[in-house]
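Fold and geometry: a report
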Amino acid sequence: MTYLAVAYLGMLIAIGLWTWTVFSRSNDLEQRLQAVERSIDTIEPEQE
Amino acid sequence: MTKRLAETILLLGFIGIGTTLGLAFLKAPSVSINAFESPEAQRIFYWHVPAAWAAFIAFGFLFVGSALWFFKRSDLGWRMHVAGAEAGLATGLMTVWSGMVWGSAEWGVPWDWTDVRLNTFGLLTFLAMFLVLGRQSQPDGVETRDTFSTFGLFGFVLVPVTYVATRLWQIRHPGPVIGGGDSGSLNGEMALILLLGAISFTLFIVGHMLMSMRITSLEQRLESIQEAMDKV
Amino acid sequence: MSEALLSFNGVSIRRGSSLVFKDLNFELMRGQIVLLNDKNGAGKSTMLEAAAGLLPLEKGEIFHHGELILDASGRSKRSSTAFGLTLQSDGCVGSQRLEEHILNALDLAGGRIDINPWLERYNLTHRRHDLIAHLSGGQRRKVAMLAGILPGFVGDKPRILLLDEPAAGLDESSRSLLVEDLLELKQRGNALLLASHHTDFSNCATHVFNGLELVPNDAKAEMSGTQRDIKATTHRTNPSFRTGVLLNQRTLSTLASNGIAGFLTLGILLALVDASAIDSSIIQASGLFLSAAFAAGLVGDNMVPMLHEHRALEWWKAHRQGIPHSYIHALVLGSALTALTQLGFDEQVSWPLVAIGGLLTTTTMAIVRTIDLATSRLARPRAAFTRILTPVLILPFALLVQWVTDSNLL
């Protein structure tokens, strides 16, 4: 029973971690995109 | 909008998986001692079977995506390939790992070369690992996509080949004696928990693949903006 | 004179994430020197590599001497008349000798000529037996350039010569010698496609291709002197096989990589398994005896990473006459390992098992090599983790071991 509980918990933590990394990758990319788009916006008015 | 949808599906799935495991551990009935060598270990099935089901969906996604890129050069196909490979790796590992835990408790050995499903899942998981790690090492481009989608399609061939090889091996080499008993019949409560598991895992993996497809398209958008900025 | 030796028919090519050519139609005629001198990134190398049949086509077809060599469905065929090729990155392996690479180019073209005059002309005679790795960048470029132009002097049949930056790193005097050679090649009826930024070549090119159309060029340079009388002898050897054997003998790469894996496995088995406990009638014995040979094969063919140097793999692939391999060495190594394992466990050597061990190493190596070659188009083929796929081979190995046991070979 104990090893089963450990196995269950371990696997839950593993998929939790995986989900966490996916979320953080998505947020990180969004921030980078926003930063790049903002920098384009600031370059373009200056050119005008 | 897709982001919210994907996140909701994923979180619902995750909660569902937690619930399934809680129920499996605390609520599911124990099977008769004679049916299994290690009666408690059968509770791993509430994890193993839905994970295998989710892996099946993920690999299906991978093959369809690979074919769509390879034959139609579809961008959606490539995103499906990437999402399917990542989800296939995760669910494949879950299936194989839980299978090995059960195997060592029930058969006394963690791996059985005479078991068709175990071998197929094992090899497909290695394929998914190759696709994920290999792709991450390469810049995106038609050469990368062509190469990895070819290997994705190779998975189609791998399934029947593994099946034949394992059957041949099984005929020649008797496997470990698997505890007999009436493992085919599931009582109502067990079936219900398994169903909940299957639904939760499906939601979870679909949510993950939607998230992954979104990440790939964000990466492509970022890359194209950066390329445009290089030219300024 | 107006026979098209090379034709692009509605060709579209994608590289990376961009479409480099769209519906390109182009013909290279006998006796033409077409210069590609667009700015960097305009697709000069892409056009030359496509002409050599190295790049998959999105659309269209490519013909050599009127024969289809590549189309968009991936159908590819070797042209009956071999061509000369100088790639932008030299295409020769550092462990080869200078003259070996040039002779390979001639053998692939189906005939040999005396190379001494050319080695002398380009001041390479004193280096002819040197390894390419020991040459300077400029000297290596001369070797790559000679391998591209010399096929044009073999026999009477005009050939296509594809030269990508043949003069990069060459001094002025070598460049003017090259211009003279190109003019003679043109005179002999060859068709040359040449990518370069050097102004020397605008003086000898008959046309300039600007990415869209062929523009006639006012070539000022004329061939000085008369056409040389060059005798060619037909030569029927298999240069890819010969190169594989030579490179293996010189570098001992199969022994150093596959051999070490095999010997290591054998060492571990000898350390862990009690020889007196082996019963040859049970499965473990044959599996045990074949393990070292299997491990040696799993390392793959070291020739593939060796050929990634200076993109030599692409050079060999383009000629479609085989790629150097280490199969012979794998066969010997696998047999030796199997025999040694049996001797190590105090068993009598079973010769059929020795032969099976040799074949096992060779076959395993061939499969791993195929996987490696399938990833060679990637931007970083060496970073692709192909070894993750080797577990696919375990079941076939187990089946072989069972078959050996069933057939009472031991």
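The text that follows walks through the structure, step by step, so that each part is easy to find. None of these values were measured; they are calculated from a predicted model. (Residues numbered from 1 in each chain as written. Chains lettered and ligands numbered in written order. Predicted model: local features only at pLDDT ≥ 70, side-chain atom pairs only at ≥ 80, totals over all residues.)

As for the nonpolar core
A58, L127, I205 and M209 of chain B together with L337 of chain C are the most contacted members of the largest nonpolar core, which has 94 residues in total. Here the element with the most residues in this core is helix α3 (residues 75–106) of chain B; it accounts for 15 residues. Discounting residues that sit within four places of it in the chain, L337 of chain C has contacts with G262, L266, A292, A293, A296 and G357 of chain C. By size, the runner-up hydrophobic cluster in this structure holds 83 residues, among which are F26, V143, I160 and A191 of chain C. (Core = buried A, V, L, I, M, F, W, Y, C linked by C-beta atoms within 7 Å. Buried ≥ 20, exposed ≤ 12 C-beta atoms within 10 Å, placed from the backbone. Helix = DSSP H or I, 4+ residues; strand = E, 2+ residues; numbered from the N terminus. Contact = placed C-beta atoms within 7 Å.)

Thoughts on the sheet that holds strand β2 (residues 18–29) of chain C
Residue and element names in this part refer to chain C. Ordered by their spatial adjacency, four strands build an open sheet running β2-β1-β4-β5, and the pairing between neighbours is antiparallel. At either end of the open sheet lies a strand with only one pairing partner, and these are β2 and β5 (67–71). Across the sheet, the axes of successive neighbouring strands diverge by a mean angle of 20°, strand direction being ignored. Pairing analysis gives five bridges linking strand β1 (residues 4–15) to strand β4 (residues 59–64), with the strands arranged antiparallel. In the strand pairing of β4, F8 is matched with I62. Sitting on the sheet, helix α1 (residues 44–51) touches β1, β2 and β4, and the angle it makes with β1 is about 120°. (Pairing = 2+ DSSP bridges. Axes fitted to C-alpha atoms, helices over the stretch in contact; angles between N-to-C directions.)

So, the packing of α3 of chain B against helix α6 (residues 188–231) of chain B
To characterise two packed helices, one gives the angle between the axes of the helices and the distance between these axes. Residue and element names in this part refer to chain B. Two elements in contact, α3 and α6, have axes whose closest approach is 8 Å; the angle formed by their N-to-C orientations is 135°. If you check the angle between α3 and α6, you find them oblique. With respect to the hand of their crossing, α3 and α6 are arranged in right-handed fashion. Residues R79, M80, V82, A83, G84, E86, A87 and T91 of α3 touch α6, and the partners they reach there are I205, H208, M209, S212, M213, T216 and S217. Here the residues of the contact of α3 with α6 sort into seven nonpolar, six polar and two charged. (Parallel < 35°, antiparallel > 145°, perpendicular 65-115°, else oblique. Left-handed = near helix turned anticlockwise from the far one by under 90°. Nonpolar A, V, L, I, M, F, W, Y, C, P; charged D, E, K, R; others polar.)

A closer look at the interface of chain A and chain B
Much of the literature gives interface size as the accessible area that the parts lose upon coming together. Facing 17 residues of chain A, the contacting portion of chain B comprises 24 residues. For the side of chain A that touches chain B, the class distribution of residues is 12 nonpolar, two polar and three charged.

Some details on the sheet that holds strand β6 (residues 84–86) of chain C
All names here are of chain C. Ordered by their spatial adjacency, six strands build an open sheet running β6-β8-β9-β3-β10-β11, and the pairing between neighbours is mixed. Edge positions in the sheet fall to β6 and β11 (214–216), since each has one partner strand and no second. Neighbour-to-neighbour, the strand axes of the sheet open up by a mean angle of 20°, direction not taken into account. Here strand β3 (residues 33–36) pairs with strand β9 (residues 191–195) via four bridges, running parallel. Pairing of L36 across the sheet is with A195, part of β9.

So yeah, pure geometry; function would need other evidence.
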